[in-house]
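Observations on chain architecture
Take a look at the letters that make up each chain.
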Amino acid sequence: MPLTSESLSGNDRQDREIDEPASVRTALLRRSDSEHHISPTPLIIGLQVGSGIFSVPSLIARQVGSPAEALGVFLVAGLLVWTGAASFVELGLRVPSNGGIQEYLRASWGDYTGYLFSWIWVGVVRPAGNAVISTIFADYLLRAFRPSDTILLPWTTKMVALSGVASLTIVNCCGATTGAKAANIFMVLKLAVLGSIIGIGLSIYMFGHGHGVPASDAEWFGWGRAKHSQPYFWGDILDISTAVFGALFCYGGWESAAFVIGDMENPAQDLPTVINGAMTLVITGFLLLNAGLYICLPFELVRESKAVAVEFANRTIGPWGGLIFTIAVAVSAMGAVNANIFAVTRLCVAAAQRAYFPLILANSHCCTAQDEDAYFHRTLAWPLRLPVLGLAKLTRKLRWDYSVPIFPLLLNWFLTSAFILAGSFSSLLNLIEMIKFFCYMMSVLGIFILRSRMDVPPRIGSQPTQRTYRTWTGNPIIFASVSFLLIARGAISAPLEVPTIFCIGVIALASLYRLYSSRPDGLPPPT
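Here we summarise the structure given alongside this text.

Rules of the game
Residues numbered from 1 in each chain as written. Predicted model: local features only at pLDDT ≥ 70, side-chain atom pairs only at ≥ 80, totals over all residues. Heavy atoms only, no water. Helix = DSSP H or I, 4+ residues; strand = E, 2+ residues; numbered from the N terminus. Buried < 20%, exposed > 50% of the residue type's maximum accessible area, 1.4 Å probe, protein only. Contact = heavy atoms within 4.5 Å. Areas by Shrake-Rupley, 256 points an atom, 1.4 Å probe, with all protein chains shown as cover. Axes fitted to C-alpha atoms, helices over the stretch in contact; angles between N-to-C directions. Parallel < 35°, antiparallel > 145°, perpendicular 65-115°, else oblique. Nonpolar A, V, L, I, M, F, W, Y, C, P; charged D, E, K, R; others polar. Salt bridge = Lys/Arg side-chain N within 4 Å of Asp/Glu carboxyl O. Phe/Tyr/Trp six-rings, centres within 6.5 Å; stacked < 30°, edge-to-face > 60°. Patch = residues over 30% accessible without salt bridge, like charges linked within 9 Å, V, L, I, M, F, W, Y side chains within 5 Å. Expected span 1.5 Å × (residues − 1). Bend = angle between axes of the 7 residues up to and from the residue. Left-handed = near helix turned anticlockwise from the far one by under 90°. Core = buried A, V, L, I, M, F, W, Y, C linked by side-chain atoms within 4.5 Å. Disulfide = S-S within 2.5 Å. Polar contact = N/O pair within 3.5 Å; in protein donor to acceptor, adjacent residues only side chain to side chain.

Along the backbone of the protein there are 20 helices and zero strands. When burial is assessed residue by residue, the protein has 54% of its 527 residues classed as buried. Contacts spanning at least 24 positions in sequence make up 80% of the contacts within the protein whose residues lie at least 6 apart. Counting only carbon and sulfur atoms, one obtains 68% of the accessible surface of the protein, whose full area is about 23600 Å².

Rendered as structure tokens:
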């Protein structure tokens, strides 16, 4: 029996069984040509090797007492993230369709949780995250070309950020896989920066000329380094936890492969290889990068620097190297935005295919391109009809012949631009991180629900299939525990904001539930 929406959510309407992976994949890619198959590896690396790894080492150094402790923090954080990534491998093979967390939550906790996740993720989490990253891109780019300006005008930064998001949106509008191809280019550039820091650092270490560990009597473990305060157990625990949470931020993006599983040629074979390979590469790269920084820079300088990668280039290569690395960090930030755009538009299409969003976002509002004009004349009021018809005609070939998700791309561009113009992100960032890890936690806990529903004893002599794939049981338990601690820490760090957020959340939940209850029940048939 095919894996269906009803069988996953526990409903009894067996008369409407639909092959979900096929229907979602049909909505995303109407052509089955092999040219549309993509590898999510560049997307994962493009998100993980973002601007964070080039700035967060300073935050971590302020919380620990030696370079060895800093490296240990990155190793522990990487292993903790890997428990979540390994859990998502099992989830992806049990629910092998585009949509990622939306599909996992829906399959394990019910239809409304997938519906709610889609609205929150597409409407708030990803656009706000893209706004923050694109603002970092603008800061670094302006710093590269206008180094004499110690204080940048806010509107200058916003205009550059808006231009960057618009440019990436146009790139993704050029074809169904142009975003993935752009991710390949960004990945090469990021790995070049990562490799250059590692190569320079290790070369200097071999000759013993570094200003960091080789020139320090304290060496890697901080022997003899004066403590800033008396040892305090709970204070040390708090510092280490802050450092680990900062390192977890650097590893963000590992979940992006889940949103494009339907675009893989062979998910059962590709997904474990992609996620485990990307995690191995990123953890190893982050450890070697930090080692290179501590070899070439004094520990105290790493603590004080706000752009440690740029400081590294200034010290080892010269001012022109600092300029190149400043631009490289800006490019890394835009690579993360590009990967986010590509992933969130796939989620948007999958959500629209389930009627969580308007069907036009999945290009399923009409049976053929020729029916669009009549559809818009029938459904749109006259003030909106002319511009929408013009946009539909302009993008018709891309949408119908090449399966480019134009409308989701434009929606994401509009929301991201609105968040960029909104201004401050400090409170919003805390809320975003809490929402993200709550979704992660509920997804990995859903593994146990899916196992109880879907696992059946294999028949004698049968071969293992993707449905019998099981990750180590400790992986979802460990990652869910870490996610819970992150959520609790976010709530404790902003005690005055939590009641306000809770009240707004209740109102939003009530509104979305009313909208959800009034929509047509069930999944519309694929067009």
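Here the focus is the packing of helix H8 (residues 154-173) against helix H17 (residues 406-422). Running from N to C, H8 and H17 point in directions that differ by 170°, and their axes come no closer than 10 Å. Relative to H17, the element H8 is oriented roughly antiparallel. Contact residues: H8 offers Trp 155, Lys 158, Met 159, Ala 161, Leu 162, Val 165, Ala 166, Thr 169, Asn 172 and Cys 173, while H17 offers Ile 406, Leu 409, Trp 413, Thr 416, Ser 417, Ile 420 and Leu 421. Partitioning the contact of H8 with H17 into residue classes produces 12 nonpolar, four polar and one charged.

Turning next to the pattern of salt bridges. Going through the model one piece at a time under the given rule, you end up with 10 salt bridges. Across the salt bridge formed by Asp 111 and Arg 106, the nearest N and O atoms sit 2.6 Å from each other. Owing to a relative accessible area of 16%, Asp 111 belongs among the buried residues under this scheme. For Asp 401, the salt bridge is made with Lys 397, and the minimal N-O distance between the two is 3.4 Å.

Time to look at the packing of aromatic side chains. Throughout the structure, instances matching the rule amount to 18 aromatic pairs. Ring geometry for Phe 74 and Phe 286: centres 6.3 Å apart, planes at 80°, overall edge-to-face. Residue Phe 74 is found in helix H5 (residues 67-94), and its partner Phe 286 is found in helix H11 (residues 267-296); the two are separated by 212 residues along the sequence. Residue classification places Phe 286 among the buried positions, given a relative accessible area of 0%. Ring geometry for Trp 254 and Phe 479: centres 5.4 Å apart, planes at 85°, overall edge-to-face. Pair noted here: Trp 254 is in the loop between helix H10 (233-250) and H11 and Phe 479 is in helix H19 (residues 474-493), with a separation of 225 residues, a long-range link.

Once that is clear, we can look at a nonpolar patch on the surface. On the surface, a cluster of nonpolar side chains totalling about 320 Å² of accessible area is made up of Trp 155, Met 159 and Leu 421. Within the fold, Leu 421 resides in helix H17.

With that settled, consider helix H7 (residues 111-145). Relative to the 51 Å expected for 35 residues at 1.5 Å per residue, H7 spans 50 Å between its end C-alpha atoms, a close match to the ideal helical length. At Trp 121, H7 shows its largest kink, close to 45°.

On to the environment of Phe 407, then. Of note, Phe 407 is situated in helix H17. Along the chain, Phe 407 and Ile 360 lie 47 residues apart, while their C-alpha atoms are 7.6 Å from each other. Those residues in contact with Phe 407 that lie beyond four places of it in its chain are Ile 360, Leu 361, Leu 391 and Arg 399.

We now examine unusual backbone geometry. At Ala 355, a residue that is not glycine, the phi angle is positive and equals roughly 70°. On the secondary structure map, Ala 355 appears in the loop between helix H14 (319-353) and helix H15 (372-379).

As a packed pair, H8 and H14 sit with axes 10 Å apart at the nearest point and diverge in direction by 50°. Classed by the angle they form, the pair H8 and H14 counts as oblique. Crossing of H8 over H14 shows right-handed handedness. Each of Gly 164, Val 165, Leu 168, Thr 169 and Asn 172 in H8 lies in contact with H14, whose residues at this interface are Met 334, Val 337, Asn 338, Ile 341 and Phe 342. In terms of residue class, the contact of H8 with H14 is made up of six nonpolar, four polar and no charged.

This part is about the environment of Ile 197. On the secondary structure map, Ile 197 appears in helix H9 (residues 178-207). A residue is classified by how much of its surface remains accessible, and Ile 197, at 0% relative accessible area, is buried. Among all residues touching Ile 197, those that are not within four sequence positions of it are Phe 54, Leu 289, Gly 292, Leu 293, Ala 309, Phe 312 and Phe 325.

Turning our attention to the nonpolar core. Counting 145 residues, the largest nonpolar core has Phe 88, Ile 101, Trp 121, Ile 197 and Leu 248 as its most contacted members. In terms of residues, this core owes the most to one element, H14, which gives 18 residues.

Here we take up the state of the cysteines. Summed over the entire model, instances satisfying the criterion amount to zero disulfides. The structure places no disulfide on Cys 174, whose sulfur is separated from the nearest cysteine sulfur, that of Cys 173, by 7.1 Å. The exposure class assigned to Cys 174 is exposed, which follows from its relative accessible area of 53%.

A few words on the environment of Ile 420. Following the sequence through the fold, Ile 420 ends up in helix H17. According to the relative accessible area criterion, Ile 420 is buried, its value standing at 1%. Through-space distance from the C-alpha of Ile 420 to that of Pro 127 is 9.0 Å; in sequence the pair is 293 residues apart.

We now examine the side chain of Arg 94. Within the element layout of this structure, Arg 94 appears in helix H5. Polar contacts involving the side chain of Arg 94 include one to the side chain of Glu 90, which spans 2.8 Å.

All right, on to the side chain of Asn 363 then. Within the fold, Asn 363 resides in the loop between H14 and H15. Engagement of the side chain of Asn 363 in a polar contact is seen with the side chain of Arg 399, the distance being 2.7 Å.

Functional significance is not addressed by these values, which are geometric in nature.
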